Amino acid sequence: MSRSLTRMGIVGTGVMGAGIAQIAAQAGLEVYLFDSREGLASAARDGLGNTLEKLASKGKISSDSARAALSRLKVVESMEGLADCDVVVEAIIENLEIKRDLFAALEEVVTSDCLLATNTSSLSVTSIASGLRMPSRVAGFHFFNPVPLMKVVEVIGGIDTDAATVDALLELAQRLGHTGVRAKDTPGFIVNHAGRAYSTEGLKILEEGVARPEDIDRILREGAGFRMGPLELFDLTGLDVSHPAMESIYEQFYHDPRYRPSYISRQMLKGGRLGRKTGTGFYQYEAGKKDASPTQPVPRVDSLPPVWVGCSDSAVHREVGSLLDSLGGKVEGGERPSDEALCLLLPFGDDAVSASVRFSSDPARTVCLDASIDLARHRTLMATQVTRREMLDAAHAMMSTDGVGVTVIRDSVGFVAQRVLASVVNLACEIAQRQIASPGDIDKAVRLGLNYPQGPLQWGDALGAKRILAILERMLELTGDPRYRPSAWLRRRAVLGLSLSSQEPSVC
Ligand SMILES: NC(=O)c1ccc[n+]([C@@H]2O[C@H](COP(=O)([O-])OP(=O)(O)OC[C@H]3O[C@@H](n4cnc5c(N)ncnc54)[C@H](O)[C@@H]3O)[C@@H](O)[C@H]2O)c1
């Protein structure tokens, strides 16, 4: 039976503890703040007083509710002050032994029906709860920073957690104005697991020398619709936080290549290039402002050759044909290109060389365009190692005619956006396949926790499960890297023509 949780204890009143305390007090809970460092809980309360006052002066909340929320925040000087709480949320340092000691001490203080929650982002909830007298009442309650703005919380049951504990925390999440998602106790839970695809694939593209950081970020921002590119995101978060997180997930999954981090971020971390906080990362920062990254200049060309388009998908072929018409290109209609034609190929998963083999085009006249992304927003081109310069320049100039950004990258499998999107969708499928969370919760968690424009499974459906599968299979074949092996969830649904969000019927 669900019970109303009205008194919340917060242990650790740093960044996360204070954020959780704020939303709980605003939602009407009595909140008791405790920090082992003297004065920090009071400082957190003072800080929250200022925050609430600012919200009121901006008209976001009324002065009365700001005052009422502040009056519900109470500082306690020792853990014993948490004795009457219905739920205690731990947000202390990310260290297993210290957290285990804390929970053991808490168990001596609180009543037997008090729920115990941990905000850990990388430790196992099961490990934190093991050895306690009542591990059934311990669950993960994983918020994101900044808590009041990131409206999602993962609720994680360990192997001994009662279903009622998870249900009560999901209900509490809703009262706090957050979307609660249910996740199994696995490395990275949902969000930090799913996020590995974007971050590590971005680094891998850089490692392979496919494009400059600014080009990779721009393609993914403008073309694919991500709010930030992966490399600028590293700079914002700081490699001191991101790189160890990547290594930790990789270790916890026993070196599964899907999670492989990069020597680039490791070296930058060792060299102190952490990102914005050190003034240098993938970009340079002056007084906190990113240096302007020059875009690639559009070449001047006197005349454009006719264009022959090669694509295995007739709808995409037609779409690019009409785009070229609108750009003033002379599109050839024949089965084969004429001798003067620029061969514009639209491959999925191939590099330019294998695409030219697939379409039997002259590699010296072959240029590839990534048709997996919104071509009204950005265009990515790549050529073979023997493509004539005038052919690449012509393609670049033609694609720039209407002012839409064009990026030329080095020949590589799956361009930039294709391989990143395929990796993002594939990893979300793997999370669903392992039943770490339901498809609906995976989409909600990733959209809200990582600010992706869509949930990854929904996105996969929009791009086409068959298309994603084809990209991954081709990349796997060309690179031999098991990182690109398609998830069974993706393959089976692509074959059956099912939505990636479709649940599996229960077999027992
Ligand atoms: N910062 C983030 O972006 C973020 C996001 C999600 C989850 N988390 C997790 O939340 C937890 C807290 O992170 P944070 O960024 O708020 O840390 P923080 O360093 O800002 O705050 C931690 C607080 O805990 C106190 N503390 C340490 N040991 C204690 C103990 N034994 N008893 C009582 N208080 C103790 C410290 O004095 C400090 O005030 C960690 O588990 C972290 O992994 C952090």
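Keep in mind it's a predicted model, so treat the numbers as computed, not measured.

What counts, and at which threshold
- Residues numbered from 1 in each chain as written.
- Predicted model: local features only at pLDDT ≥ 70, side-chain atom pairs only at ≥ 80, totals over all residues.
- Heavy atoms only, no water.
- Helix = DSSP H or I, 4+ residues; strand = E, 2+ residues; numbered from the N terminus.
- Rg over C-alpha atoms; globule rule 2.2 N^0.38 Å.
- Buried < 20%, exposed > 50% of the residue type's maximum accessible area, 1.4 Å probe, protein only.
- Contact = heavy atoms within 4.5 Å.
- Areas by Shrake-Rupley, 256 points an atom, 1.4 Å probe, with all protein chains shown as cover.
- Polar contact = N/O pair within 3.5 Å; in protein donor to acceptor, adjacent residues only side chain to side chain.
- UniProt positions renumbered as here; feature names shortened; annotations may be inferred.
- Salt bridge = Lys/Arg side-chain N within 4 Å of Asp/Glu carboxyl O.
- Core = buried A, V, L, I, M, F, W, Y, C linked by side-chain atoms within 4.5 Å.

Participant: Please provide a residue-by-residue account of the overall build of the protein chain, values included.
Facilitator: Broken down by element type, the protein chain carries 19 helices and 15 strands. Taking 2.2 N^0.38 as the reference for a compact globule, 508 residues should give roughly 23 Å; the C-alpha atoms of the protein chain span a radius of gyration of 26 Å, in line with that estimate. Residues classed as buried in the protein chain amount to 56% of the 508 residues present. A separation threshold of at least 6 residues defines the contact pool for the protein chain, and within that pool the share at least 24 residues apart is 70%. Accessible surface, the protein chain: about 21,600 Å² in total, of which carbon and sulfur atoms supply 51%.

Participant: Describe the side chain of Asn 426, and please don't skip the residues or the numbers.
Facilitator: Turning to its location among the elements, Asn 426 is positioned in helix α15 (residues 417-433). Among the polar contacts made by the side chain of Asn 426, one reaches the main-chain carbonyl oxygen of Arg 485 at a distance of 3.0 Å.

Participant: Outline the UniProt feature "domain: 3-hydroxyacyl-CoA dehydrogenase C-terminal" (unreviewed entry) in the protein chain, supporting the account with residue identities and numerical values.
Facilitator: Residues given the UniProt feature "domain: 3-hydroxyacyl-CoA dehydrogenase C-terminal" (unreviewed entry) here are residues 188-285 and 414-494. Strand forms 1% of residues 188-285 and helix 59%; the C-alpha atoms that close the span are 30 Å apart. A distance of 19 Å separates the end C-alpha atoms of residues 414-494, which is 73% helix and 0% strand.

Participant: With reference to specific residues and values, describe the pattern of salt bridges.
Facilitator: Across all of its chains, the model carries 34 salt bridges by this definition. For Glu 108, the salt bridge goes to Arg 133, with nearest N and O atoms at 3.1 Å. You can see Glu 108 sitting in helix α4 (residues 96-109) and its partner Arg 133 sitting in the loop between α5 (125-129) and β6 (138-142), a full 25 residues away along the chain. We note that Glu 108, like Arg 133, is exposed. Across the pair Glu 201 and Arg 483 runs a salt bridge whose closest N-O atoms are separated by 2.8 Å. In this pair, Glu 201 sits in helix α7 (residues 191-207) while Arg 483 sits in the loop between α18 (465-479) and α19 (488-496), placing the two residues 282 residues apart along the sequence. The exposure classification of Glu 201 matches that of Arg 483, with both residues buried. Taken together, the shared-partner salt bridges in this structure form one network comprising Glu 201, Lys 204, Glu 208, Arg 260, Arg 419, Asp 481 and Arg 483.

Participant: For the nonpolar core, give the residues involved together with the corresponding values.
Facilitator: Within the largest apolar cluster, 106 residues are counted, with the highest numbers of intra-cluster contacts made by Phe 226 and Phe 282. Broken down by element, the residue count for this core peaks at 11 residues, all from α15. With sequence-adjacent residues up to four places away left out, Phe 282 is seen in contact with Leu 203, Leu 206, Pro 213, Leu 231, Phe 234, Asp 235, Leu 239, Ile 264 and Met 268. Membership of the second largest hydrophobic core comes to 38 residues, among which are Leu 5, Ile 10, Leu 52 and Ala 168.

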